[in-house]
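# Chains, contacts and geometry: an overview
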Amino acid sequence: MHDPQAEVGFRMNEAKTMFETRNGEKLLETDPATMLPDGHVVFIGRITSPWTTRETCPKNMKAARETGQAATLTVDPLYRDGLLGLERASHVIILSWLQHAPRRLIVQKPRHAAEPKGVFSLRSPARPNPVGLHVARLVALDIGTGRIDLDAIDALDGTPVIDIKPYFASTDAFADASIAGRDER
């Protein structure tokens, strides 16, 4: 029998063990995982990846591609009709639910940073709503099985998927985008 309260407790303990607390970090007074939801988000599928631990999982999509390891997203039967026409896209945006991440951390001290930063200025999975954003190359699509083959993914095996969208270079890419203090474009 499925016990949602036990699952929440398990996930909270799991998040505590996967993420250590560093000097300068701040926690929210209330863990968002224990609050009543304001919307009804459903998982539409799951990611299959070679990554089973936080330590082995690439920190971003660039690092994931550099491993040469492909990934698969399987959409649940109820949502497979929504894939119609997606084969036209060379790349897709995947929104995932990073269920292992702690949700109370509001100020983080990344290992590579000199000063703490607010979660909304970082791409870390630890945030009030642990939504992952992944832009991946669509390698193959089978609507009948709900299988989407991807060039790579920076998410753990079994990660739930919230949404899939086509990537449009004409509207999603900004050549002049930058972050102060980083030497990238």
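As a reminder, the structure under discussion sits directly above these lines.
Fair warning: this is a prediction, and the values are worked out from it, not measured in the lab.

### Some points on the pairing of strand β3 (residues 71-75)
In terms of residue burial, β3 counts as a mostly covered element, since four of its five residues are buried. As judged from the four bridges shared by strand β2 (residues 45-48) and β3, these two strands associate in the antiparallel manner. Its bridge partner being in β3, Arg46 is matched across the sheet by Thr74. Bridge count for β3 against strand β8 (residues 147-150) is four bridges, and the pairing is antiparallel. Across the sheet, residue Leu73 finds its bridge partner in β8, namely Ile148.

### A look at the sheet that holds strand β7 (residues 131-142)
Pairing is antiparallel around the closed barrel formed by six strands, whose spatial order is β2-β3-β8-β7-β4-β9. Ignoring strand direction, the axes of neighbouring strands in this sheet form an average angle of 45 degrees.

### Structural notes on the pairing of strand β9 (residues 160-166)
Working note: regular strand, side chains alternate between the two faces of the sheet. In terms of strand pairing, β2 meets β9 through two bridges, oriented antiparallel. Along β9, the bridge assignment pairs Arg46 with Pro160. Two strands pair when backbone bridges link them, and strand β4 (residues 91-97) and β9 are joined in this way by five bridges, in the antiparallel orientation. Note on β9: the bridge partner recorded for Ile94 is Ile164.

What counts, and at which threshold
Residues numbered from 1 in each chain as written. Predicted model: local features only at pLDDT ≥ 70, side-chain atom pairs only at ≥ 80, totals over all residues. Heavy atoms only, no water. Buried < 20%, exposed > 50% of the residue type's maximum accessible area, 1.4 Å probe, protein only. Helix = DSSP H or I, 4+ residues; strand = E, 2+ residues; numbered from the N terminus. Pairing = 2+ DSSP bridges. Axes fitted to C-alpha atoms, helices over the stretch in contact; angles between N-to-C directions.

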